[in-house]
Amino acid sequence: MGPARYFYLRSIALALAILGLALYVMRVTAAPLGDPITGLVHELLGPIKGGLTEVGRFVSQKTYFLLSWRSLARENEELRAEVGRLRAEVAALTEYRLENERLKRLLQYRDAGPARGNLVVARVIARDPGNWFGTVTIDRGSADGLGRNMTVVTPDGLVGRVVVVRRHTSDVLLITDPRSSVGGLIQETRIPGVVEGLAGGLGLLRMLYIPKDAPVEAGQTVITSGLGGLFPKGIPVGTVAEVRPEGSGLFQVVVVRPFAQLNRLEEVAVLLGTGP
Amino acid sequence: MAKLLWVVVVGAALILEGTGLNFLRVAGVKPDLLLILTVCHAYLRGPRQGAALGLLSGLAHDLYTGYYLGLNAVAKGAVGLAVGALEGKLYREGPHLAVPVAALATLFHELLFFLGLRYLGVAVPFGFVFVHIVVPACVYNAALTLLGYNPYHRLLQQLDRRRSVVPR
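The model shown is predicted, which means the values in this text are computed figures rather than measured ones.

Chemist: Quick question: what am I supposed to make of the packing of helix H2 (residues 33-45) of chain B against helix H5 (residues 98-119) of chain B here?
Modeler: All names here are of chain B. As a packed pair, H2 and H5 sit with axes 10 Å apart at the nearest point and diverge in direction by 125 degrees. Here H2 lies oblique to H5, going by the angle between them. Here H2 and H5 pass one another in a crossing that is right-handed. Packed against H2, whose contacting residues are Leu35, Ile36, Val39, Cys40 and Tyr43, the element H5 presents Ala98, Val101, Ala102, Ala105, Thr106 and His109 at the interface. Considering only residue class, the contact of H2 with H5 consists of nine nonpolar, two polar and no charged.

Written out as structure tokens, the structure is:
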């Protein structure tokens, strides 16, 4: 055998060996076949593969932000805008829900209250600018059937009476105004008295001409007595907050907290046909 | 131009007092923007301008409410005159003295108002109202004067500079 032929045969053998090894390695790294050698190779390679995967995962997590910051930034901006829009929508829907609840209560009061359906709902659009008086302006007037001295209420209780009527707006004198007087009586004991406002901003009333020995205590309910002809009888006014002796010694002064939230009025109901 | 500016400012303050400021009550009391404006202006400009602004803003308040015309005008005009008398006598580059002056001016204003109500036959228990309206109002107005005095002072200085530059 010459050197050329030897070299040629050696090359072929080498090629076949490499091919065989390649074929074997292919087989080993393919689906497990169950033979012992394959199983051994997998056993040996498994931890190495696991370790390399962990390293790759770690590097990927650390570099993900750097590699994808552009898309993240854009997505962040879009999500922020959507969150802002949804927040505004939630706020608006909450407002509608609250208004709906208030108006429902007014409608229920219309059917069951002293007016028996004969009332007009109005919104409060302005208030007295000062702290001493208590008047509000509502968005209903003579065009809606309002007249002077008509009673104004909320489902919680008495608010006041209409004192000025214009074509489309009216002024209401609140019961907390010092110029306001309401004939009242204590519901539990039927003791009559006069309920006057202290000052518009305070939100408190005082009930006068209660005899000194009359059994009045905190927590009792004050309602309108109907005396004087201004307000119908039986409208809730407030609850007794405090009882004090009066200067003359003959009477006691009762401080009353109104049921209606007079500093937070938004809608009121005017009882048509009331007032002298 | 300056007169028109004051009319706009007084009108805006009045509308704000009758609407948005109702939601900023503290202890049942809201600030009197017109009174604060009168006090600051009188403190910086003297009795004539202070009384004029007080009368104007008080009259605007009375016309807005539609009753007891002159009650607020007299009370605020008197405050403008009294505070204006201090012009030039007290330090005015900062709010240090303007704040207690505003508190005392509010007390004076509320006492005048109370006397006016008594004169008009409106019975209000003085002790109760003093504790629950007058004192909180003094504190609230003084606090807002602390915030608003410097910007108002700068505004007046800017108006003065503009007036001295623009030939009549």
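This is not the end of the story, as more comes after the structure.
Chemist: So what exactly am I meant to see when it comes to the pairing of strand E6 (residues 181-186) of chain A here?
Modeler: Sheet faces and side chains relate simply in a regular strand, where the side chains alternate between the two faces. All names here are of chain A. As defined by bridge partners, E6 adjoins strand E7 (residues 192-199) across five bridges and the pair is classed as antiparallel. Bridged to Val182 within E7 is Val195. For E6 and strand E9 (residues 221-224), the ladder comprises three bridges, and the chain directions are antiparallel. Each bridged residue has a counterpart across the sheet, and for Gly184 the counterpart in E9 is Thr224.

Chemist: Would you mind showing me how to read helix H3 (residues 47-65) of chain B here?
Modeler: Residue pairs three or four apart in sequence face the same way in an α-helix, which turns once every 3.6 residues. Along its 19 residues, H3(B) runs 26 Å from first to last C-alpha, staying within 8% of the 27 Å computed at 1.5 Å per residue. Where H3(B) ends, the next residue or the one after it, B:Gly66, has phi of about 90 degrees, a positive value.

Chemist: What am I meant to see in the sheet that holds strand E3 (residues 151-154) of chain A here?
Modeler: Pairing between sheet strands relies on hydrogen bonds along the backbone, with the strands arranged either parallel or antiparallel. Strands sit in the order E1-E2-E5-E4-E3-E12 (chain A) around a closed barrel of six strands; the barrel is antiparallel. Within the sheet, the average angular offset between the axes of one strand and its neighbour, ignoring direction, is 45 degrees.

Chemist: Whenever I open this one, the sheet that holds strand E10 (residues 236-245) of chain A confuses me. Can you help?
Modeler: Strand order in the closed barrel formed by six strands is E6-E7-E8-E11-E10-E9 (chain A), with antiparallel pairing between adjacent strands. For this sheet, the mean inter-axis angle between neighbouring strands, taken without regard to orientation, is 45 degrees.

Chemist: Just checking my understanding: could you explain the interface of chain A and chain B for this structure?
Modeler: Think of interface size as the accessible area that goes away when the parts come together; that is how it is often given. Taken together, the 15 residues of chain A in the interface contact 23 residues of chain B. Elements that contribute at least two residues to the side of chain A that touches chain B include exactly strand E1 (119-127) and E7 of chain A. A class-by-class count of the residues in the side of chain A that touches chain B yields eight nonpolar, four polar and three charged.

Thresholds applied
Residues numbered from 1 in each chain as written. Chains lettered and ligands numbered in written order. Predicted model: local features only at pLDDT ≥ 70, side-chain atom pairs only at ≥ 80, totals over all residues. Axes fitted to C-alpha atoms, helices over the stretch in contact; angles between N-to-C directions. Helix = DSSP H or I, 4+ residues; strand = E, 2+ residues; numbered from the N terminus. Parallel < 35°, antiparallel > 145°, perpendicular 65-115°, else oblique. Left-handed = near helix turned anticlockwise from the far one by under 90°. Contact = placed C-beta atoms within 7 Å. Nonpolar A, V, L, I, M, F, W, Y, C, P; charged D, E, K, R; others polar. Pairing = 2+ DSSP bridges. Expected span 1.5 Å × (residues − 1).

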